[in-house]
Amino acid sequence: MEEQIKRAAEAIRNAKYAIAFTGAGISVESGVPPFRGAENSVWSKYDPECLELNYFYSHPKESWGAIKEIFYNFMFKTEIHPNEAHKVMAKMEQRGMLKCVVTQNIDFLHQEAGSRNVYEFHGTAGRVICTKEGCSYEVKPQDMDLSDMPPRCPRCGALLKPDFVFFGEGIPQETYKKSFDAAEKADVVIVVGTTGEVMPAGMIPILAKRHGATVIEINPSRSSLTNTCTDIYIAAKAGEALGLIAKELAIDVD
Ligand code: APR
């Protein structure tokens, strides 16, 4: 692995436009369960149907019941904090070595670690939207009463929807454009903690590769990208690998 770490650090050091593409795996060391591939993965306990857009509107109570258990009970109950991997990426951005993070995650941990250019490709769990008037509300334990299901807009009483992307729902247009523009410009993509299976998000590293980028992948298990798209595969956890790359780049994470 040492060889791959050195090659990855070299590629990042010489990059003109390095970006990161992250998935649930980067937050596993922060205590956030992944969606797939682990005993405690979300889809081993819940039917993904609960996050189908049509199901949400036809069965709002049931869908919100699962959403509350999967995301909000967990978020409100558990103190989750950025781990070494999130912090290294934020430092890389501060040092001008990383232009942006395109993340599939809705846990806000990149921003909490200090990253500023974060494109939330699948939206965020931190906000809910009124399905009638479109106004949005921050989801904070003290402000968000999730006792009555499904939650309703305090202003007009319409159904509230989490501001993350459901299966069968389009990607927010501006985020989509910024993410794919970054992928086209990238000469290095650091892919961390994703199966790469969910589209169109999974096209980010593929498009970057087509435009000549070097793809670095950090994942303890091989993904759908490893054999087809990845140039430098580091079979390690996000925190460990990015900690070693940070050392090579003389980045110290407090
Ligand atoms: N460090 C790095 N990678 C890890 C770690 C770790 N500590 N632990 C697990 N992984 C890897 C797994 O090997 C797997 O490849 O992270 C990946 C997690 O895969 P998923 O749970 O499928 O996450 P992701 O690829 O982000 O899912 C994409 O699917 O359900 C939808 O919208 C949801 O954004 C999500 C999308």
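Residues numbered from 1 in each chain as written. Predicted model: local features only at pLDDT ≥ 70, side-chain atom pairs only at ≥ 80, totals over all residues. Heavy atoms only, no water.

**Q** Sorry if this is basic, but what is going on with the overall build of the protein here?
**A** If you tally the helices and strands in the protein, you get nine helices and nine strands. Against the compact-globule benchmark of 18 Å for 254 residues, the protein has a radius of gyration of 18 Å, which places it among compact chains. Along the longest, intermediate and shortest principal axes, the C-alpha atoms of the protein span 55 × 35 × 30 Å. Within the protein, the fraction of its 254 residues that count as buried is 51%. With the model as given, the accessible surface of the protein reaches about 12100 Å², and the carbon-plus-sulfur share is 48%. Charge-centre separation for the protein: the mean point of 28 positive side chains lies 3 Å from the mean point of 34 negative side chains. (Helix = DSSP H or I, 4+ residues; strand = E, 2+ residues; numbered from the N terminus. Rg over C-alpha atoms; globule rule 2.2 N^0.38 Å. Buried < 20%, exposed > 50% of the residue type's maximum accessible area, 1.4 Å probe, protein only. Areas by Shrake-Rupley, 256 points an atom, 1.4 Å probe, with all protein chains shown as cover. Lys, Arg positive; Asp, Glu negative; His and termini not counted. Charge placed at Lys NZ, Arg CZ, Asp CG, Glu CD.)

**Q** Looking at this structure, I do not really get the pairing of strand 6 (residues 160-164). What am I missing?
**A** Walk down a regular strand and you will see the side chains alternate between the two sheet faces. Within strand 6, four of the five residues are buried, which leaves the element mostly enclosed by the surrounding structure. Pairing of strand 4 (residues 123-130) with strand 6 involves four bridges; the strand directions are antiparallel. Its bridge partner being in strand 6, G123 is matched across the sheet by F164. (Pairing = 2+ DSSP bridges.)

**Q** Sorry if this is basic, but what is going on with the nonpolar core here?
**A** Within soluble globular proteins, side chains that are nonpolar generally end up buried alongside one another. By size, the foremost hydrophobic cluster in this structure holds 30 residues, and its most contacted members are I12, M92, I190, I216, I234, L242 and I245. Listed by contribution, the elements that provide at least two residues to this core are helix 1 (2-14), strand 1 (18-22), helix 5 (84-94), strand 7 (188-192), strand 8 (214-218), strand 9 (232-234) and helix 9 (238-248). Discounting residues that sit within four places of it in the chain, I245 has contacts with I5, A8, A9, I12, M92, I218 and I234. (Core = buried A, V, L, I, M, F, W, Y, C linked by side-chain atoms within 4.5 Å. Contact = heavy atoms within 4.5 Å.)

**Q** Please explain the sheet that holds strand 5 (residues 136-138) as it appears in this structure.
**A** Picture the strands of a sheet paired through backbone hydrogen bonds; they go either parallel or antiparallel. Strand order across the open sheet formed by three strands is 5-4-6, with antiparallel pairing between neighbours. Among the strands making up the open sheet, the edge pair consists of strand 5 and strand 6. With direction set aside, neighbouring strand axes in the sheet form an average angle of 40°. Relative to strand 5, strand 4 runs antiparallel, the two sharing three bridges. Paired with I129 across the two strands is S136, which belongs to strand 5. (Axes fitted to C-alpha atoms, helices over the stretch in contact; angles between N-to-C directions.)

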